[in-house]
Amino acid sequence: LGLSRQEIVPAILSAQLLAGVFCGLAHHKEGNVDLKNNKNIHKVLWILGLPSILGAIVASFMSLNISFSGQSWLNLYIGLMIIGIGIFLLYNCFFRKHQEPTKIKIPHLVGIGILAAFNKGVSGGGYGPLMMGGQLISGVRNKEAVVITNLCESFICLVALAAYLMMGGKYNLIYTTALCSGSLLAVVPSAKTLKMMSDNQLKSIIGWVTLLLGLMTIGKWITT
């Protein structure tokens, strides 16, 4: 829409901070996951959350100091990465026999947490597709991965937003109010939609949406 990146990134971070928290609670209420007793979710949240702090702080500093040309190349990198994850998820969904996740790959999750937080802090986006796809590749179950992504994103948004503002970033109340309102309206419908989906449906949809978001990012990069 032609808005300034320096003004819109804090608004995006604020909106997804709220949405992440309330989506996590909504998924728990709908019975998609058990946030209180699911130790798998607790474990992955710690593994992804702590290393992500570093990525979020570094990226927030870069976002305020990077040139237009540098941002353009970062957008290309994010788009290609998301496309790659989408293709990998679709390949696993349609061309490999169904296998239940066996063991969570902790080193993979640490790297994904740092990289996804870096993407988020630099551009305000590129977090959800990478975090979702990375968790599925690392052995986290589908619905657990959705909720973990929501909760981790809210935490990283808080860290990145604080770092961004402390380093002199701008905060536009109009953009922030509009985006927060839209994000909160999606909370309940998203939780109910997830409840109705089977694991195979969810995996396929995640793959296609991830691929589409990557292609849209590359399309935007080409046109600008």
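Rules used in this analysis
Residues numbered from 1 in each chain as written. Predicted model: local features only at pLDDT ≥ 70, side-chain atom pairs only at ≥ 80, totals over all residues. Heavy atoms only, no water. Salt bridge = Lys/Arg side-chain N within 4 Å of Asp/Glu carboxyl O. Helix = DSSP H or I, 4+ residues; strand = E, 2+ residues; numbered from the N terminus. Buried < 20%, exposed > 50% of the residue type's maximum accessible area, 1.4 Å probe, protein only. Axes fitted to C-alpha atoms, helices over the stretch in contact; angles between N-to-C directions. Parallel < 35°, antiparallel > 145°, perpendicular 65-115°, else oblique. Left-handed = near helix turned anticlockwise from the far one by under 90°. Contact = heavy atoms within 4.5 Å. Nonpolar A, V, L, I, M, F, W, Y, C, P; charged D, E, K, R; others polar. Polar contact = N/O pair within 3.5 Å; in protein donor to acceptor, adjacent residues only side chain to side chain. Patch = residues over 30% accessible without salt bridge, like charges linked within 9 Å, V, L, I, M, F, W, Y side chains within 5 Å. Areas by Shrake-Rupley, 256 points an atom, 1.4 Å probe, with all protein chains shown as cover.

Peer 1: Help me out: how do you make sense of the pattern of salt bridges in this one?
Peer 2: Scanning the model with the defined rule gives two salt bridges in all. One salt bridge in this structure joins Lys 192 and Glu 30, with 2.9 Å as the shortest N-O distance. Of the two residues, Lys 192 sits in helix 8 (residues 187-196) while Glu 30 sits in helix 1 (residues 5-30), which places them 162 residues apart along the sequence. We classify Glu 30 as buried; its relative accessible area is 18%. Salt-bridge contacts for Lys 195 lead to Glu 30; the nearest nitrogen and oxygen are separated by 3.7 Å. Here Lys 195 is found in helix 8, whereas its partner Glu 30 is found in helix 1, with 165 residues between them in sequence. Ionic contacts of the salt-bridge type, sharing partners, join the residues Glu 30, Lys 192 and Lys 195 into one network.

Peer 1: Honestly, the packing of helix 5 (residues 128-137) against helix 6 (residues 142-166) in this entry has me stumped. Any pointers?
Peer 2: Viewed as axis vectors pointing N to C, helix 5 and helix 6 meet at an angle of 140 degrees, and their least axial separation amounts to 9 Å. For the element pair helix 5 / helix 6, the angle class is oblique. Classified by chirality, the crossing of helix 6 by helix 5 is right-handed. Here Gly 128, Met 131, Met 132, Gln 135 and Leu 136 of helix 5 come into contact with helix 6, specifically with Asn 142, Ala 145, Val 146, Ile 148, Thr 149 and Cys 152. Counted by class, the contact of helix 5 with helix 6 contains seven nonpolar, four polar and no charged residues.

Peer 1: Whenever I open this one, the packing of helix 6 against helix 9 (residues 199-223) confuses me. Can you help?
Peer 2: What describes two packed helices is the angle between their axes and the distance between those same axes. Across the interface, helix 6 lies against helix 9 with an axial gap of 9 Å and an inter-helix angle of 50 degrees. Considering the angle they form, helix 6 stands oblique to helix 9. Residue-level contacts link Asn 142, Lys 143 and Val 146 of helix 6 to Asp 199, Leu 202 and Lys 203 of helix 9. Taken together, the residues of the contact of helix 6 with helix 9 break down into two nonpolar, one polar and three charged.

Peer 1: I tried to follow the environment of Glu 153 on my own but got confused; where do I start?
Peer 2: Here Glu 153 is to be found in helix 6. Sequence separation between Glu 153 and Gly 20 is 133 residues, and the spatial gap between their C-alpha atoms is 6.2 Å.

Peer 1: Which parts of the structure should I look at to understand the environment of Asn 32?
Peer 2: Structurally, Asn 32 can be placed in the loop between helix 1 and helix 2 (39-65). Overall, Asn 32 belongs to the buried group, its relative accessible area being 11%. Sequence separation between Asn 32 and Val 147 is 115 residues, and the spatial gap between their C-alpha atoms is 8.6 Å. Leaving out residues up to four positions away in the same chain, Asn 32 has contacts with His 27, Lys 143, Ala 191, Leu 194 and Lys 195. Within the structure, Asn 32 has its side chain in polar contact with the side chain of His 27 (distance 2.9 Å). A distance of 3.0 Å separates a polar atom in the side chain of Asn 32 from the backbone oxygen of Ala 191.

Peer 1: Sorry, what's going on with helix 5 here?
Peer 2: A turn of α-helix holds 3.6 residues, and therefore any two residues three or four places apart point the same way. Most of helix 5 is tucked away, with nine of its ten residues classed as buried. Among the residues of helix 5, those classed as buried are Gly 128, Pro 129, Leu 130, Met 131, Met 132, Gly 133, Gly 134, Gln 135 and Leu 136. Backbone geometry just after helix 5 places Gly 139 at a positive phi near 105 degrees.

Peer 1: Could you clarify how one ought to interpret the side chain of Thr 176 in this entry?
Peer 2: Structurally, the position occupied by Thr 176 is in helix 7 (residues 173-185). Look past the residues within four positions of Thr 176 in its chain and what remains in contact with it is Ala 11, Ser 14 and Tyr 171.

Peer 1: Hey, could you run me through a nonpolar patch on the surface in this one?
Peer 2: A contiguous nonpolar patch, built from Leu 18, Val 21, Phe 22, Leu 25 and Leu 184 and spanning about 400 Å² of accessible area, is present on the exposed surface. Per-element tally for the nonpolar patch: the top contributor is helix 1, with four residues. Within the secondary structure layout, Leu 25 lies in helix 1.

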